[in-house]
Amino acid sequence: GTEELEAAFQARIDNNERIEPKDWMPEHYRKTLIRMMGQHAHSEIVGQLPEGNWITRAPTLERKQILLAKVQDEAGHGLYLYSAAETLGVTRDDLTEQLLSGKMKYSSIFNYPTLNWADIGAVGWLVDGAAIMNQVPLQRTSYGPYSRAMIRICKEESFHQRQGFDIMRKMANGTPEQREMAQDALNRFWYPSLMMFGPSDKESVHSDQSMKWRIKINTNDELRQKFVDQTVPQAEFLGLSVPDDKLAWNEEKGGYDFSEPDWNEFFQVIKGNGPCNEERIEARRKAWDDGAWFRDALTAHAEKQAQRRGE
Ligand code: 3HC
């Protein structure tokens, strides 16, 4: 019966085995992966919007090239993740419809505006820094296609974080106005970056089961703590101050004590009431509508080719 199948499945997980598309898996395992991988893919695609906004206004040709390369990488990460999600029996179109209807989410961070060039530095440094913290453990996630997609994506993420940190270094050591812009960007992106790791463990509805199935390797709070511990010294190196007067090194914990983000704000943002939610979904809906003729042409072409082959 199902109990035996579930017990055998759990034994494979506990034995650190990779689950592959054709293997038996509990329906809830499949649904959890579709939710997580689909929302991860949506995050990559929507994540291009705040940065794409500055490609035409980058301060130098070199910065323009770097930002172009990064935004192009994010498109590729979305493609890897949608393709990996398709191994679970959903199509990219299904997932896109659920994004546009609000049934599926994307990372809260992309609902904040990028107001100036220092924000592009803060996004690379903090947002990609947080994404790396969250994605590196996911290379060992129990679902094979997701794990392999993560291994490829992680190879490109460090460049994303380094180029952002380099922008912050340049501005923090620049004119007083540039320093002020860098500090303002840190002030506005610090707490939203902490929110990327998800609600606190006690509020997290999926963590327990996801940890049992080794879909998730660390809890939200563990990764958030690691991110703070790694990022505070970087802010000090830049001569910038983290906007948290509670921040203090805690010797016996071996990490920083820090203020939690405003969780009401977080739940408002993921409910769709953040600063840029409408704008982001509108941009994705426009892209979907504008691309309809192209998708139809591809399908018609594929059908004609199939007929020619007599399939
Ligand atoms: N933004 C939006 N929704 C979030 C969120 C966030 N930052 N954090 C949590 N949520 C949602 C969850 O999706 C869940 O809602 P749902 O049931 O509708 O999916 C609800 O809040 C409860 O949170 P849980 O902690 O119980 O949910 P999870 O166990 O799924 O943990 C997570 C949330 C840590 C984001 C986990 O899903 C995860 O690790 N996902 C894969 C990694 C990912 O998506 N990272 C996005 C980073 S951005 C990025 O990668 C782009 C980069 O290139 C910049």
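Predicted model only: the values in this text are computed from it and were never measured. Here the residue numbering is sequential within each chain, running from 1 through the sequence in written order. Under the rules for a predicted model, residues below a pLDDT of 70 receive no local features and side-chain atom pairs below 80 are neither given nor counted, while totals for whole chains, interfaces and linings still include all residues. As a rule here, side-chain values cover all heavy atoms of the structure and leave hydrogens and water aside.

## Focus on the confidence of the model for the protein
On average, residues of the protein score 97 in pLDDT, and 100% of them reach the 70 mark or higher. With a pTM of 0.96, the predicted complex shows an ipTM of 0.97. In predicted models, pLDDT denotes the confidence assigned by the predictor to each residue on a 0 to 100 scale.

## Here we look at the pattern of salt bridges
Each reported salt bridge corresponds to a side-chain nitrogen of Lys or Arg within 4 Å of a carboxyl oxygen of Asp or Glu. Enumeration over the complete set of coordinates arrives at 17 salt bridges. Connected through salt bridges with shared partners, the residues Glu51, Lys70, Glu74 and Asp128 form a single ionic network.

## Overview of the nonpolar core
Nonpolar side chains tend toward joint burial in soluble globular proteins. Residues Trp117, Trp125, Leu126, Trp190 and Phe227 are the most contacted members of the largest nonpolar core, which totals 45 residues. By definition, any uninterrupted DSSP run of H or I lasting at least four residues is a helix, any uninterrupted run of E lasting at least two residues is a strand, and each is numbered from the N terminus. Counting only elements with at least two residues in this core, the list comes to α4 (61-86), α6 (117-138), α7 (144-172), α8 (176-195) and α10 (220-238). Here this core gets eleven residues from one element, more than from any other, and that element is α6. Two residues qualify as a contact provided that any one of their heavy atoms is within 4.5 Å of a heavy atom in the partner residue. Apart from the residues lying within four places of it in its own chain, the contact partners of leucine 126 are Leu186, Phe189, Trp190, Ser193, Phe227 and Thr231. For this analysis, a nonpolar core means a set of buried residues of the types Ala, Val, Leu, Ile, Met, Phe, Trp, Tyr and Cys, connected via side-chain atoms within 4.5 Å. Three exposure classes are used, based on accessible area relative to the maximum for each residue type with a 1.4 Å probe and protein chains only: buried under 20%, partly exposed in between, and exposed over 50%.

## Quick notes on the site of the ligand
What makes a residue near a molecule or strand is one non-hydrogen atom of that residue sitting within 4 Å of it. In the vicinity of the ligand there are 31 residues, among which Lys105, Ser108, His206, Lys216 and Asn220 approach most closely. In the analysis that follows, any N or O atom pair within 3.5 Å is treated as a polar contact, provided that within protein one partner can donate a hydrogen and the other can accept it, and provided that, for residues neighboring in sequence, both atoms belong to side chains. Here a nitrogen atom of the ligand and a backbone polar atom of serine 108 are 2.8 Å apart. In this structure, an oxygen atom belonging to the ligand sits 2.6 Å away from a side-chain N or O atom of histidine 206. About the coverage of the ligand: the protein hides 90% of its 1,000 Å² of free accessible area. Counting only elements with at least two residues in the shell around the ligand, the list comes to α2 (27-46), α6, α7 and α11 (263-273). With six residues, α6 is the single largest residue contributor to the shell around the ligand. Tallied by class, the residues present in the shell around the ligand amount to 14 nonpolar, ten polar and seven charged. The accessible surface values rely on the Shrake-Rupley method and a 1.4 Å probe; as for residues, cover is taken only from the protein chains in view. Note that Gly is not counted as nonpolar here; it falls among the polar residues with everything else outside the nonpolar set of Ala, Val, Leu, Ile, Met, Phe, Trp, Tyr, Cys and Pro and the charged set of Asp, Glu, Lys and Arg.

## A look at the packing of α7 against α8
Helix-helix packing is described using two parameters, namely the angle between the two axes and the distance between the axes. Contact geometry of α7 with α8 gives a least axis separation of 7 Å together with a crossing angle of 140 degrees. Relative to α8, the element α7 is oriented oblique. Of α8, the residues touching α7 (which contributes Met168, Met171 and Ala172) are Gln178, Arg179, Met181 and Ala182. Split into classes, the residues belonging to the contact of α7 with α8 amount to five nonpolar, one polar and one charged. With axes taken as lines fitted to C-alpha atoms, and helix axes fitted only over the stretch in contact, angles between N-to-C directions fall between 0 and 180 degrees. Each angle is binned into one of four classes, with values under 35 degrees roughly parallel, values over 145 roughly antiparallel, values of 65 to 115 roughly perpendicular, and all other values oblique.

## Observations concerning a negative patch on the surface
A patch consists of residues exposed above 30% relative accessible area that lack any salt bridge, with like charges linked at up to 9 Å and nonpolar side chains (Val, Leu, Ile, Met, Phe, Trp, Tyr) linked at up to 5 Å. Charged-residue counts in this description rest on Lys and Arg as positive and Asp and Glu as negative, His and the chain ends being excluded. Charge positions are represented by NZ for Lys, CZ for Arg, CG for Asp and CD for Glu. Taken together, the side chains of Glu86, Asp93, Asp94 and Glu97 present a region of like negative charge at the surface. When residues in the negative patch are grouped by element, the largest group, three residues, is from helix α5 (residues 92-100). Looking at the secondary structure, you find aspartate 94 in helix α5. With relative accessibility at 35%, the residue aspartate 94 sits in the partly exposed group.

## Some words on the side chain of serine 200
Position of serine 200 among the secondary structure elements: in the loop between α8 and α9 (207-212). Owing to a relative accessible area of 3%, serine 200 belongs among the buried residues under this scheme. For serine 200, the residues in contact, after removing those within four places along its chain, are Asp221, Arg224, Glu260 and Trp263.

## A word on the environment of glutamine 39
Within the secondary structure, glutamine 39 sits in helix α2. Residue classification places glutamine 39 among the buried positions, given a relative accessible area of 16%. Residues glutamine 39 and leucine 81, spaced 42 residues apart in sequence, show a C-alpha to C-alpha distance of 9.3 Å.

## Structural notes on the packing of aromatic side chains
Each pair of aromatic rings taken from Phe, Tyr and Trp, with Trp reduced to its six-membered ring, is defined by centres within 6.5 Å and is described as stacked if the planes are under 30 degrees apart, edge-to-face if over 60, and tilted in the remaining cases. Per the stated rule, a full pass over the model turns up twelve aromatic pairs. Relative to tryptophan 24, the ring of phenylalanine 9 lies with its centre 6.1 Å away and its plane at 80 degrees, an arrangement referred to as edge-to-face. Of this pair, phenylalanine 9 sits in helix α1 (residues 2-14) while tryptophan 24 sits in the loop between α1 and α2, placing them 15 residues apart in sequence. We classify phenylalanine 9 as buried; its relative accessible area is 2%. Relative to phenylalanine 227, the ring of phenylalanine 197 lies with its centre 5.5 Å away and its plane at 45 degrees, an arrangement referred to as tilted. With phenylalanine 197 in the loop between α8 and α9 and phenylalanine 227 in helix α10, the pair connects residues that are 30 residues apart, well separated along the chain. You'll find phenylalanine 197 and phenylalanine 227 in the same group, each marked buried.

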